[in-house]
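Here is how the chains run, residue by residue.
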Amino acid sequence: MKKVSLLLLIIFSVFLSGCVNSSKEPKDMLSRIKFRNKIVIGIKKDSKPFGFTKNGELAGFDVDVAKNIAKRLLGDDNLTEFVDVTADSRISDLNSGKVDIIIATMSINAKRADIIDFTSPYFIAGQALMIPEDSKLNSIENLNTRKVGIILGSTGEKTIRLLAPNAMVIGKRNYEDVFKLLKENKVDAILADDTILYGFIMDNKGYKILPARYTREFYAIALRQGEENKELKEELNKIINHMQQSGKLNRIKEKWIPNLQKTE
Ligand code: GLU
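The rules behind the values
- Throughout this description, residue numbers start from 1 for each chain and increase along the sequence as written.
- It should be noted that, the model being predicted, local features are given only for residues of pLDDT at least 70 and side-chain atom pairs only at 80 or more, the latter also being counted only at that level, while totals for whole chains, interfaces and linings use all residues.
- Side-chain measures were taken over the full set of non-hydrogen atoms in the model, leaving aside hydrogen atoms and water.
- One heavy atom within 4 Å of a molecule or strand is enough for the residue carrying it to be called near that molecule or strand.
- Here a polar contact is recorded for every N or O atom pair within 3.5 Å, except that within protein the pair must consist of a potential hydrogen donor and a potential acceptor, and residues adjacent in sequence are included only if both atoms are side-chain atoms.
- Exposure was quantified through the Shrake-Rupley algorithm and a 1.4 Å probe, taking into account, for residues, occlusion by the shown protein chains and nothing else.
- Here a cavity means grid points, on a 1 Å grid over the protein atoms only, where a 1.4 Å probe fits yet cannot get out; a pocket means an open set of points with protein on both sides within 12 Å along at least five of seven lines; lining residues are those with an atom within 4 Å of a point.
- Assignment to a cavity or pocket requires that more than half of a molecule's atoms be within 2 Å of the site's grid points.
- Think of it this way: any DSSP run of H or I at least four residues long counts as a helix, any run of E at least two long counts as a strand, and we number them from the N terminus.
- Relative accessibility under 20% of the residue-type maximum defines a buried residue, over 50% an exposed one, and the middle range a partly exposed one, all with a 1.4 Å probe and only protein chains included.
- Residues count as neighbours in contact if any of their non-hydrogen atoms are within 4.5 Å of one another.
- Grid points are joined across faces, edges and corners, and a volume is the space filled by probe spheres set on the points.
- As a working rule, the residues Ala, Val, Leu, Ile, Met, Phe, Trp, Tyr, Cys and Pro are called nonpolar, Asp, Glu, Lys and Arg charged, and the rest polar, with Gly in that last group.
- The length a helix should cover is 1.5 Å for every residue beyond the first.
- The directions considered for the arc run from the helix axis to the C-beta atoms.
- Axes, fitted as lines to C-alpha atoms, cover a helix only where it is in contact. Angles between the N-to-C directions of the axes lie from 0 to 180 degrees.
- Put simply, angles under 35 degrees are roughly parallel, angles over 145 are roughly antiparallel, angles from 65 to 115 are roughly perpendicular, and the rest are oblique.

## Focus on the site of the ligand
Moving on, step 1. Contacts to the ligand come from 15 residues, most closely from Arg90, Thr105, Ser107, Tyr175 and Asp193.
Moving on, step 2. A distance of 2.7 Å separates a nitrogen atom of the ligand from a polar atom in the side chain of serine 107.
Moving on, step 3. A total of 280 Å² of accessible area belongs to the ligand in isolation, and the protein chains cover 99% of it.
Moving on, step 4. Given that more than half its atoms are within 2 Å of the pocket grid, the ligand belongs to the largest cavity.

Here it is as structure tokens:
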């Protein structure tokens, strides 16, 4: 009998603590972020100069955007918790609740918009090819008989299948591994956003980006779908708009990608 009442007591206290927690933590995401005084953001660390590690700290264009958002939402740009995501993991990291939002060179596209939501864009990139400087390759069609490296879960995956359907595609989970393929001559080119290719050009001699841009990549902040994220989305859109109007986004651009157009 004693055991039964002890069990009932445990069940009741677990139930009670559940009620207390859920009544404390607001359901609405904007209120929840304000309540816990911290925003959890999915960021990449393999995508210099947008998200990478510098002197042991995360840095880059996306990191600056993230800090600005924390400053405007919570009054302090340090009230962030950064969680490392990859192109391939970011949607499930978001939808599983591991992060509140994603700021990770992520392009808006229709397929993604079926399962997650996006703010308005804060930057426009374009997909391009990076090749060794002495390569004769001069168009994406040339890749039909060749090997190309791409990042799994990126929009480049679709582009290559569309524009060079007979290319042999090798996919990796992070950018360093794809670049290694090119360095070791295991692929003839990499197809990725010009922004991230630019990061490799900055640090490595002997490579170039071809002038053609095959897509327009509208980078936006990703958030979960649903009523609970509505106010957060409105607030983020206001912040992006303010960053655009005040010249903040341009300053971030100048800081991280001053010569993007001159890499061709
Ligand atoms: N912007 C592209 C995408 O969202 C490629 C960059 C990335 O890997 O994040 O897929």
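## Some points on the side chain of aspartate 64
Moving on, step 1. By secondary structure assignment, the location of aspartate 64 is in helix α3 (residues 61-74).
Moving on, step 2. Judged by its relative accessible area of 16%, aspartate 64 is buried.
Moving on, step 3. Not counting the four nearest positions on each side in its chain, aspartate 64 is found in contact with Ile252, Lys255 and Trp256.

## With respect to the layout of surface pockets
In this approach the atoms are scanned with a rolling probe the size of a water molecule, which exposes any empty space left behind.
Moving on, step 1. The space that makes up the largest pocket amounts to roughly 600 Å³.
Moving on, step 2. Every residue lining the largest pocket is counted, 24 residues in all, and those nearest its centre are Asn109, Lys111, Arg112, Thr155 and Lys158.
Moving on, step 3. Those elements that place two or more of their residues in the lining of the largest pocket are α4 (90-95), α5 (110-113), α6 (156-163) and β14 (217-219).
Moving on, step 4. Ranked by the residues each element gives to the lining of the largest pocket, the list is headed by α6, at 4 residues.
Moving on, step 5. Classifying every residue of the lining of the largest pocket by side-chain character gives 8 nonpolar, 8 polar and 8 charged.
Moving on, step 6. Approximately 160 Å³ is the volume found for the second largest pocket.
Moving on, step 7. Lining the second largest pocket are Lys45, Asp46, Ser47, Lys48, Phe52, Thr53, Glu176, Ile196, Gly199, Phe200, Asp203 and Asn204.
Moving on, step 8. Contributions of two or more residues to the lining of the second largest pocket are made by β2 (46-47), β3 (51-54) and α8 (194-203).
Moving on, step 9. If you tally residues by element for the lining of the second largest pocket, the top one is α8, at 4 residues.
Moving on, step 10. Split by residue class, the lining of the second largest pocket holds 3 nonpolar, 4 polar and 5 charged.

## Quick notes on helix α9 (residues 230-245)
For an α-helix, the turn length of 3.6 residues means that residues three or four places apart are oriented alike.
Moving on, step 1. Compared with the 22 Å implied by 1.5 Å per residue over 16 residues, the 23 Å span of α9 between its first and last C-alpha is a close match.
Moving on, step 2. Buried within α9 we find Leu232, Leu236, Ile239, Ile240 and Met243. Along the axis of α9, the buried residues cluster in a sector spanning 100°; they form a single face. Residues of α9 that are exposed and angled more than 90 degrees away from the buried face: Lys238 and Gln245.

## Notes on the packing of α9 against helix α10 (residues 248-256)
Moving on, step 1. At a minimum axis separation of 4 Å, α9 and α10 run at an interaxial angle of 70°. In this view, α9 runs roughly perpendicular relative to α10, as classed from their interaxial angle. Contacts between α9 and α10 involve Ile240, Met243 and Gln244 on the former and, on the latter, Lys248, Leu249 and Ile252.
Moving on, step 2. Split into classes, the residues belonging to the contact of α9 with α10 amount to 4 nonpolar, 1 polar and 1 charged.

Shape descriptors only; they carry no functional weight alone.
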